[in-house]
Amino acid sequence: QVQLVESGGGLVQAGGSLRLSCAVSGGTFSSFTMGWFRQAPGKEREFVAAIRRNGGITDYEDSVKGRFTISRDNAKNTVYLQMNSLKPEDTAVYTCAADSANWVNVRSVRAFDYWGQGTQVTVSS
């Protein structure tokens, strides 16, 4: 059974930084496309970033490009999301996800097979 556990969320002032981690167990981490999604109150879950199996390709939602960086450590079965220059509109529950397919429709919630519980990120103005 594949399990994903996020950590690193919290409260930060606008302009600050946070680093989210997602530890994966129960599967072959290196075979997964990994993604981060977020959901703000009253809004649908939206794509944030994704990284291919070997880390060679990444994709970002336009509003986070240049501020967020997704990375992975296949030896540690962990994917990261470094978030810099945070804005109040980044406030959301951030959830990591794993996709058994190799880089197929990675911006879609429906593409991902496994999900974590999420971690709250709150950015104060």
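About the criteria used
Residues numbered from 1 in each chain as written. Predicted model: local features only at pLDDT ≥ 70, side-chain atom pairs only at ≥ 80, totals over all residues. Heavy atoms only, no water. Salt bridge = Lys/Arg side-chain N within 4 Å of Asp/Glu carboxyl O. Buried < 20%, exposed > 50% of the residue type's maximum accessible area, 1.4 Å probe, protein only. Helix = DSSP H or I, 4+ residues; strand = E, 2+ residues; numbered from the N terminus. Contact = heavy atoms within 4.5 Å.

Q: Honestly, the pattern of salt bridges in this entry has me stumped. Any pointers?
A: Two side chains with opposite charge may pair up if their charged atoms get near one another. Taken as a whole, this structure holds five salt bridges when the rule is applied. In this structure, Lys65 engages Asp62 in a salt bridge whose closest nitrogen and oxygen atoms are separated by 3.2 Å. Looking at Lys65, the relative accessible area reads 47%, which means it is partly exposed. Exposure remark for Asp62: the relative accessible area of 54% places this residue in the exposed category. Salt-bridge contacts for Asp90 lead to Arg67; the nearest nitrogen and oxygen are separated by 2.8 Å. Here Asp90, found in the loop between strand S8 (78-83) and strand S9 (92-99), pairs with Arg67, found in the loop between strand S6 (58-60) and strand S7 (68-73); they are 23 residues apart in sequence, far enough to count as distant.

Q: Whenever I open this one, the environment of Ile70 confuses me. Can you help?
A: As for its placement among the helices and strands, Ile70 is situated in strand S7. Given the relative accessible area of 4%, Ile70 is considered buried. On a C-alpha basis, the gap between Ile70 and Gly35 in space is 8.5 Å, while along the polypeptide they are 35 residues apart. Discounting residues that sit within four places of it in the chain, Ile70 has contacts with Met34, Trp36, Ala49, Ala50, Ile51, Thr58, Tyr60, Val79, Tyr80 and Leu81.

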